[in-house]
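Examining the three-dimensional arrangement
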Amino acid sequence: MPTALSAFLMALEARPNGIQQTAALVSIEGVTGSTPRDAGARMIVTPDAVAGTIGGGRLEWDAIATARALLQGDTAVQTMDIALGPAIGQCCGGRVTLRIERMTSTLIQFLISSEQSVQHATIFIYGAGHVGRALATALAPLPFTVSLVDSRSEELAHFRAHGVTLLHTDKPLSVAENAGDGSAHVIMTHSHAIDSLIAAAVLEQDRFGYLGIIGSRTKRNSFRKAFREIGIPADRIARVVCPIGGMGVKDKRPEVIAALVAAEIVVAMLG
């Protein structure tokens, strides 16, 4: 699925004329010390919109103003060397070098290709109920490739967020068995039996980066016993997260659970 930045780039590309006058690319070329973003972070600035971020705060505010001024003049490229200290009201203590340049069709194509070539970690959510849909919505804007899996077309029909692949299938075990190395699997179907079968399939493949199952400690203990009985090694079983989102928050609203689980997945997959 296209990222928000690539979607913005494709919208720019569709403009028939005047790209150089209406958009500028701001890139972090180099950093020293503590900075809010690393080298390579990008932001696109138009007279009335911004896509992406170079870290926020006064740094970003000044870069946006400079980019818009560049668009109003004749300069093609400009650099900025900024100390993130008291002079601009920031206390990171590092230093950032920015490159600001007018967008061209060639540059847009390069950026689109760069965005599309980035490999994101894959996450499969099994179960499109209230929590499954809330979790997919929470994960959609994050740097993951997210699939929502369910046999119930009516549940998938309730999902509205962009950036998530909907997999309508009555063979979720096949999805689990064919998932790529390092994938995350979050299991929350309408059936404990199906949950157990999907989890066992993921464990038997032993290629997962994260495996979480919604439920209680009682469910966890029951599943662990069943996994041991079918010969799954103890060290593999120990990697199963159940209950999921266990951060001490007792609120059980789907959106709250989704936020906690999303944070857990970010730590597991990107930490």
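Anything mentioned here points back to the structure above.
To keep things clear, this report deals only with the structure shown in the data block.

Conventions used here
- Residues numbered from 1 in each chain as written.
- Predicted model: local features only at pLDDT ≥ 70, side-chain atom pairs only at ≥ 80, totals over all residues.
- Heavy atoms only, no water.
- Pairing = 2+ DSSP bridges.
- Helix = DSSP H or I, 4+ residues; strand = E, 2+ residues; numbered from the N terminus.
- Axes fitted to C-alpha atoms, helices over the stretch in contact; angles between N-to-C directions.
- 1 Å grid on protein atoms, 1.4 Å probe; cavity = no way out; pocket = protein on both sides within 12 Å on 5 of 7 lines; lining within 4 Å.
- Points joined across faces, edges and corners; volume = space filled by probe spheres on them.
- Nonpolar A, V, L, I, M, F, W, Y, C, P; charged D, E, K, R; others polar.
- Salt bridge = Lys/Arg side-chain N within 4 Å of Asp/Glu carboxyl O.
- Buried < 20%, exposed > 50% of the residue type's maximum accessible area, 1.4 Å probe, protein only.
- Parallel < 35°, antiparallel > 145°, perpendicular 65-115°, else oblique.
- Left-handed = near helix turned anticlockwise from the far one by under 90°.
- Contact = heavy atoms within 4.5 Å.
- Phe/Tyr/Trp six-rings, centres within 6.5 Å; stacked < 30°, edge-to-face > 60°.
- Core = buried A, V, L, I, M, F, W, Y, C linked by side-chain atoms within 4.5 Å.

A look at the sheet that holds strand β3 (residues 49-52)
The five strands are arranged β3-β2-β1-β5-β4 in an open sheet whose pairing can be described as antiparallel. The sheet is open, and its two borders are formed by β3 and β4 (77-83), each paired with just one other strand. For this sheet, the mean inter-axis angle between neighbouring strands, taken without regard to orientation, is 20 degrees. Across four bridges, the pairing between strand β2 (residues 42-46) and β3 is antiparallel.

Examining the layout of surface pockets
The rolling of a water-molecule-sized probe over the atoms marks out the regions of remaining empty space. In this model, the second largest pocket occupies a volume close to 440 Å³. Lining the second largest pocket are 16 residues; nearest its centre among them are Pro243, Ile244, Gly245, Gly246 and Val249. Of the residues that constitute the lining of the second largest pocket, the class distribution is seven nonpolar, five polar and four charged.

Brief notes about the pattern of salt bridges
Applying the stated criterion to the full structure yields 11 salt bridges. A salt bridge links Arg133 to Glu155; its shortest N-O distance comes to 2.9 Å. Placement of Arg133 in helix α5 (residues 130-139) and of Glu155 in helix α6 (residues 153-156) is noted, with a sequence separation of 22 residues between them. Across this residue pair, the class does not change: Arg133 and Glu155 are buried. Of the charged contacts, one joins Lys219 and Asp195 as a salt bridge, the two residues approaching to 2.7 Å between their closest N and O atoms. Placement of the pair is Lys219 in helix α9 (residues 217-229) and Asp195 in helix α8 (residues 192-205), with a sequence separation of 24 residues. Each member of the pair, Lys219 together with Asp195, is buried. Through salt bridges with shared partners, one network takes in Asp206, Arg236 and Arg239.

Digging into the packing of α5 against helix α11 (residues 254-270)
Where α5 contacts α11, the two axes come as close as 8 Å, and the packing angle between them is 50 degrees. Comparing their axes, α11 and α5 come out oblique. The two elements α5 and α11 meet at a crossing, and its hand is right-handed. Contact with α5, carried on its side by His130, Val131, Ala134, Leu135, Ala138 and Leu139, involves Pro254, Glu255, Ile257, Ala258, Val261, Ala262 and Ile265 of α11 and no other residues of that element. Classifying every residue of the contact of α5 with α11 by side-chain character gives 11 nonpolar, one polar and one charged.

Some words on the packing of aromatic side chains
Per the stated rule, a full pass over the model turns up two aromatic pairs. Judged by centre distance (5.9 Å) and plane angle (70 degrees), the ring pair of Phe223 and Phe227 falls under edge-to-face. Linking Phe223 with Phe227, this pair stays in helix α9, spanning four residues, or about one helical turn. Judged by relative accessible area, which is 7%, Phe223 ranks as buried.

Some points on the environment of Ile123
With respect to the secondary-structure elements, Ile123 resides in strand β6 (residues 121-126). Classification of Ile123 as buried rests on a relative accessible area of 0%.

With respect to the nonpolar core
Ranked by size, the top nonpolar core spans 26 residues in total, and within it Ile125, Leu135, Leu139, Val186 and Ile265 carry the most contacts. When contributions to this core are tallied by element, the ones reaching two or more residues are β6, α5, β7 (144-150), β9 (183-187) and α11. The element that contributes the greatest number of residues to this core is α11, accounting for six residues. With sequence-adjacent residues up to four places away left out, Val186 is seen in contact with Ile123, Phe124, Ile125, Tyr126, Leu135, Tyr210, Gly212, Ile244, Val261 and Ile265. Of all hydrophobic cores here, the second largest spans 22 residues; its members include Ile187, Phe208, Ile213 and Val240.

Focus: empty space enclosed by the protein
Applying the stated criterion to the full structure yields two cavities of 30 Å³ or more. Of the volumes computed, that of the largest cavity is approximately 50 Å³. Every residue along the wall of the largest cavity is listed here: Ala176, Ala179, Gly180, His185, Val202, Gln205, Arg207 and Phe208. Put simply, the second largest cavity is a space of about 30 Å³. Taken together, Ile213, Arg220, Phe223, Arg224, Phe227, Val240 and Cys242 make up the full set of residues lining the second largest cavity. Among the elements that line the lining of the second largest cavity, the one with the most residues is α9, at four residues. Among the residues making up the lining of the second largest cavity, the classes are represented as five nonpolar, no polar and two charged.

Keep in mind these numbers describe shape, not what the thing actually does.
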